[in-house]
Amino acid sequence: MTIIEEEIGAPHGGEAHHDVEPKGVLLWLTSTDHKIIGKNYMYTSLVFFVIAGALAMLIRTQLFAPNNHFVSPQTYNELFTIHGSMMLYLFAGPFAFGGFANYILPLQIGAPDMAFPRLNALSYWLYLTGGISMLLGFLTASGAAAFGWVSYAPLSNATNSPGAGPDLWIVSIMLVGFSGIFTAVNLVTTTFYLRAPGLTMFRMPIFVWNMFVTALLILIAFPVLTAALIMLYADRHLGTHIYSVAGGGMPVLWQNLFWFFGHPEVYILALPFFGMVTEIIPVFSKKPVFGYKGLVFATLAIAGLSTGVWAHHMFTTGTVLLPFFSAMSLLIAVPTGIKIFTWIGTMWGGQVDFKSPMLFVVGFIIVFTMGGITGVLLASPPIDFATHDTYFVVAHFHQVLFGTTVFAGFGGFFYWYPKITGRMFREGLAKLQFWLIFIGFNVTFLPQYLLGLQGMPRRIAEYLPSDHFTTLNRISSVGAYITGFAFVIWMINMWISWRKPIPAPANPWDGHTLEWATDSPPSHHNFEKLPPIRSQRPVWDMNHPEAADYKASHNGKRAESIEKSETSR
Amino acid sequence: MKSERGIYMLVGIFFFVVMVIYFLWSGEASGSIMLFAAAGLGVMPGLYFSWWVRRMPLRPEDRPEATMSEGSGAVGAFPSNTIWPFVLGMGAALTALSLVFGAWLAVVGLSFIISTALNVSLESRRGGSI
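Parameters and conventions
Residues numbered from 1 in each chain as written. Chains lettered and ligands numbered in written order. Predicted model: local features only at pLDDT ≥ 70, side-chain atom pairs only at ≥ 80, totals over all residues. Heavy atoms only, no water. Helix = DSSP H or I, 4+ residues; strand = E, 2+ residues; numbered from the N terminus. Rg over C-alpha atoms; globule rule 2.2 N^0.38 Å. Buried < 20%, exposed > 50% of the residue type's maximum accessible area, 1.4 Å probe, protein only. Areas by Shrake-Rupley, 256 points an atom, 1.4 Å probe, with all protein chains shown as cover. Lys, Arg positive; Asp, Glu negative; His and termini not counted. Charge placed at Lys NZ, Arg CZ, Asp CG, Glu CD. Contact = heavy atoms within 4.5 Å. Axes fitted to C-alpha atoms, helices over the stretch in contact; angles between N-to-C directions. Parallel < 35°, antiparallel > 145°, perpendicular 65-115°, else oblique. Left-handed = near helix turned anticlockwise from the far one by under 90°. Nonpolar A, V, L, I, M, F, W, Y, C, P; charged D, E, K, R; others polar. Phe/Tyr/Trp six-rings, centres within 6.5 Å; stacked < 30°, edge-to-face > 60°. Lys NZ or Arg CZ within 6 Å of the ring centre and 35° of its normal. Salt bridge = Lys/Arg side-chain N within 4 Å of Asp/Glu carboxyl O. Patch = residues over 30% accessible without salt bridge, like charges linked within 9 Å, V, L, I, M, F, W, Y side chains within 5 Å. Buried area = accessible area lost by both parts, 1.4 Å probe. Polar contact = N/O pair within 3.5 Å; in protein donor to acceptor, adjacent residues only side chain to side chain. Domains from an automatic or database assignment. Bend = angle between axes of the 7 residues up to and from the residue. pLDDT = per-residue confidence, 0-100. Core = buried A, V, L, I, M, F, W, Y, C linked by side-chain atoms within 4.5 Å.

Q: Could you give me a rundown of the overall build of chain B, with the residues and numbers involved?
A: Of the regular secondary structure elements, chain B holds four helices and one strand. The helix and strand sequence of chain B, counted from the amino end, reads α-α-β-α-α. Since a compact globule built from 130 residues should have a radius of gyration of about 14 Å, the 23 Å found for chain B marks it as more spread out than a globular shape. Put simply, chain B has 130 residues, and 42% of those count as buried. For chain B, the exposed surface amounts to about 6700 Å²; the carbon and sulfur share of it is 75%. Positive and negative charge centroids in chain B, built from 8 and 7 side chains respectively, lie 9 Å apart.

Right, here's the structure in full:
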């Protein structure tokens, strides 16, 4: 393969390029290399994650005691709004499809870069400026947005939420939304047009499949949100009445539009992490993935169904078709269950090695399954009527989202950390971090299910001693502090890895997919040489020719002819 | 290319069927329109790929037994370092922030956007360096 640099008259090839490549901040500002942009995304999203996590600590401190006045009710509203918005829009999504997808996807399909490198760079700058815009809200006179990450009308109109903070929130989500759309276009094009020879669609790693399906979902969902935000802005400043009853509009229209984005968004956040999990389990079980095609079609089914369930967030509005949305929501449990069974099936009978990435993945399966099962409960309207807007729902979606973005996300982070940085992390500290998060997380959120069933509403800044919510809230807050401390351990781990580096080999885990066929970190245009691609695990085939996957093909003749052609080359 | 077409058509047909069921059952307009648009998002690129599938031979990445040498030659033209995506990003952000802080900011933002448009055009001719 040849890569053409766009410099006319200049010598081509990676070596010549390295000589002119700027360093430091200038590299950060000017690079169009998917690896640099991927790292920018990843580090930026982790900074947002730490900020949003710190906001969560403030929220839990406020709820530690009844009648607490640690923060004012208005500040509390701002805290949970920005906590949710940052975690969902600025951390969970961009960490996965901005950071991991950018860095890993081209490597896994043997591509030299993303299909549109300049557009890729632009996506990052829109994301960064969008994120900063959201935080700017705290510096305005009226404070940041305080209407929850869902921004329901009519609470979000100019009368109920005046000031620049809500407008900054709207602008921020628009910028981040465009960034996501551009990244999705890039991911789809890269997957369709830049695969290496022999890497057919049904040989692609499941991570690539999941990123591709996520990109399709982004293209379906984000334009709807952007349109809804433009109408919200028009209602606030241009005198329209799209979401207000007074002018003949419909507040519930906002909910329809928002959740048409919002529910696929949950899967936009979850699917990439499912992909990471599906990469990690086979490697640490020393087996090929179990049920490859089942996983691919389960991913497509989840994506399809997720777009037909938006109104299960609106059961209590009394304006939606309950049987339709309940049935569609229950159906999603089927492909999701298929995934969980295939993950367990991959581990079954394998030589499972519980290194830290695998530990995080096992933690993910436990936590996510619990969150998924309570999701099935909530898909039933009678249960939803009783628990809607209580801490039961808060516990449910934190189990699902924290399970995917943090457990699976940090599994992926530690799995690819050697490839991305060229350094190893300290295994003992990573395991300590896992156990602290696992214990802290469950201590935080399991009591919240009970609080919800006892009737504690979400989004309240204070409760009374006579409500009898105090003990469970205290346990929950202590769990949150343990979880917060786990991330201090993570930062120490990263610091030690940075200051006292242990160089990482090209393939420290005996990985199966193409990113492990190049150096750690990869050179400028990724690959000096690609191994032949004859199965879903080309690097495994190269490193273990005696147990190569294509030899186990059901088509004996084909396997034989492949072997002949490989030996003759 | 056949798999790619298949996925898009599958997405389009699925949403179309869901849209018909939903519309007939609920009679609700906003959700039906969104589902219709989602069906279009699948069918339009699906038809485009269908058009191409019949006009082009299988690519090396579509054939399971293709060798690396079959993929030799130019993959594509990739830009080297360039400052203009950053300038465009800042321009777009400032223009968007003019919705909050006033139209004056759009003047600054648009000047960034226009300068990017000019310079990226020139950059393509001149070469990709900053």
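Q: Provide a residue-level description of the overall build of chain A, including the pertinent values.
A: Looking only at helices and strands, chain A features 17 helices and one strand. The globule rule puts the C-alpha radius of gyration for 569 residues at 25 Å, and the 24 Å found for chain A is close to it. Counting only C-alpha atoms and orienting by the principal axes, one finds that chain A spans roughly 80 × 55 × 50 Å. Across the 569 residues that make up chain A, the buried fraction comes to 64%. Long-range pairs, those at least 24 residues apart, make up 81% of the contacts in chain A with a sequence separation of at least 6. When the accessible surface of chain A is summed, it comes to about 19500 Å², and 69% of that surface belongs to carbon and sulfur atoms.

Q: Which residues make up the side chain of A:Gln255, and what values do they have?
A: All names here are of chain A. Examined against the element boundaries, Gln255 turns out to sit in helix 8 (residues 251-285). According to the relative accessible area criterion, Gln255 is buried, its value standing at 11%. Not counting chain neighbours up to four residues away, the residues in contact with Gln255 comprise Tyr152, Met314 and Thr317.

Q: I'd like a rundown of the packing of helix 13 (residues 391-421) of chain A against helix 14 (residues 427-453) of chain A, residues and numbers included.
A: The packing of two helices is summarised by the inter-axis angle and the distance between the axes. Residue and element names in this part refer to chain A. Two elements in contact, helix 13 and helix 14, have axes whose closest approach is 8 Å; the angle formed by their N-to-C orientations is 170°. The orientation of helix 13 with respect to helix 14, classified from their angle, is roughly antiparallel. For the pair helix 13 and helix 14, the crossing hand works out as left-handed. Of the residues in the contact of helix 13 with helix 14, the class split is 19 nonpolar, seven polar and no charged.

Q: Break down the packing of aromatic side chains for me, citing the residues and quoting the values.
A: Working definition: an aromatic ring pair is given by the centre-to-centre distance plus the angle between the planes. Residue and element names in this part refer to chain A. Scanning the model with the defined rule gives 82 aromatic pairs over all chains in all. Arranged with centres 5.7 Å apart and planes meeting at 50°, the rings of Phe100 and Trp416 form a pair that is tilted. In this pair, Phe100 sits in helix 4 (residues 73-108) while Trp416 sits in helix 13, placing the two residues 316 residues apart along the sequence. Both residues of the pair, Phe100 and Trp416, belong to the buried class. Between Phe402 and Phe407, the ring centres sit 5.9 Å apart and the planes meet at 65°, which makes this aromatic pair edge-to-face. Under the relative-accessibility criterion, Phe402 is labelled buried at 14%. The lysine or arginine in question, Lys293, covers the ring of Phe202, its NZ or CZ lying 5.0 Å from the ring centre. One Lys or Arg, Arg537, reaches over the ring of Trp540 and ends 4.5 Å from the middle of that ring.

Q: Break down the pattern of salt bridges for me, citing the residues and quoting the values.
A: According to the stated counting rule, one finds 11 salt bridges over all chains in the structure shown. A:Arg195 is the salt-bridge partner of B:Asp62, the closest N and O atoms lying 3.3 Å from each other. Taken together, the residues B:Asp62 in the loop between helix 2 (29-53) and strand 1 (74-78) and A:Arg195 in the loop between helix 6 (164-193) and helix 7 (206-237) connect one chain to another. By the burial criterion, B:Asp62 is buried, and A:Arg195 matches it.

Q: A description of the packing of helix 4 of chain A against helix 13 of chain A should follow, citing residues and the corresponding values.
A: Residue and element names in this part refer to chain A. Helix 13 packs onto helix 4 with a crossing angle of 35° between their chain directions and a minimal axis gap of 11 Å. Between helix 4 and helix 13 the crossing geometry is left-handed. Seen from helix 4, the contacting residues are Tyr76, His83, Leu88, Phe91, Ala92, Phe95, Phe100, Tyr103, Ile104 and Gln108; seen from helix 13, they are Tyr391, His398, Leu401, Thr405, Gly409, Gly412, Phe413, Trp416, Lys419 and Ile420. Classifying every residue of the contact of helix 4 with helix 13 by side-chain character gives 13 nonpolar, six polar and one charged.

Q: So what's going on with a nonpolar patch on the surface? Residues and values would help.
A: All names here are of chain B. Taken together, the side chains of Phe16, Val20, Phe23, Leu24 and Phe36 define a hydrophobic patch exposed on the protein surface, amounting to about 510 Å² of accessible area. It is helix 1 (residues 2-26) that provides the largest number of residues to the nonpolar patch, a total of four residues. Along the chain, Leu24 turns up in helix 1. The class for Leu24 is exposed, based on a relative accessible area of 68%.

Q: For the interface of chain B and chain A, give the residues involved together with the corresponding values.
A: Between chain B and chain A, the contact holds 64 residues from the first and 77 residues from the second. Both sides together, the interface formed by chain B and chain A hides about 6000 Å², and carbon and sulfur atoms give 73% of it. Applying the counting criterion to the chain B and chain A interface returns two salt bridges. Salt-bridge contacts for B:Glu4 lead to A:Arg195; the nearest nitrogen and oxygen are separated by 3.1 Å. The interface formed by chain B and chain A includes 13 residue pairs in polar contact (both at pLDDT 80 or more). Looking at the side of chain B that touches chain A, the elements that each hand over two or more residues are helix 1, helix 2, strand 1, helix 3 (84-101) and helix 4 (104-126) of chain B. The dominant element in the side of chain B that touches chain A, judged by the number of residues it contributes, is helix 1 of chain B, at 13 residues. Looking at side-chain class alone, the side of chain B that touches chain A contains 38 nonpolar, 17 polar and nine charged residues.

Q: Can you tell me about unusual backbone geometry, naming the residues and giving the values?
A: All names here are of chain A. Omega for the peptide link from Ala153 to Pro154 comes to 5°, which places this bond in the cis form. Locating Pro154 in the fold gives a position in the loop between helix 5 (117-136) and helix 6. Pro521 follows Ser520 through a cis peptide bond whose omega is -10°. Mapped onto the elements of the fold, Pro521 is located in the loop between helix 15 (470-499) and helix 16 (538-543). In this structure, His468 is a non-glycine residue whose phi angle is positive, near 60°. By the secondary structure assignment, His468 is in the loop between helix 14 and helix 15.

Q: So what's going on with the domain arrangement of chain B? Residues and values would help.
A: A common way to report how large an interface is uses the accessible area buried once the components associate. You can read the domains of chain B as domain 1 (2-61) and domain 2 (84-126). For domain 1 of chain B versus domain 2 of chain B, the separation of C-alpha centres amounts to 35 Å.

Q: Account for helix 4 of chain A, with residues named and values stated.
A: Along its length, helix 4 of chain A reaches its greatest deviation from straightness, about 50°, at A:Pro94. Of all 36 residues in helix 4 of chain A, 32 are buried, a share of seventy percent or more.

Q: Can you explain the confidence of the model for chain B? Please cite residues and give values.
A: Summary statistics for chain B give a mean pLDDT of 87 and a share of 93% for residues scoring 70 or more. Across chain B, the secondary-structure element scoring lowest on mean pLDDT is strand 1 of chain B, at 71, and the one scoring highest is helix 3 of chain B, at 94.

Q: Can you break down the nonpolar core residue by residue, with the values?
A: A:Tyr89, A:Trp169, A:Phe407, A:Phe410 and A:Phe413 are the most contacted members of the largest nonpolar core, which has 198 residues in total. The element best represented in this core is helix 8 of chain A, accounting for 22 residues. When we break this core down by domain, the ones giving at least three residues each are domain 1 (2-61) and domain 2 (84-126) of chain B. By size, the runner-up hydrophobic cluster in this structure holds 10 residues, among which are A:Leu122, A:Leu168, B:Ala93 and B:Leu97.

Q: I'd like to hear about the confidence of the model for chain A, residue by residue, with values.
A: Overall, the predicted model of chain A reaches an average pLDDT of 89, with 93% of residues at or above 70. Per-residue pLDDT stays below 50 along residues 6-18 of chain A; that stretch engages in 24 contacts with residues further than four places along the chain or on separate chains.

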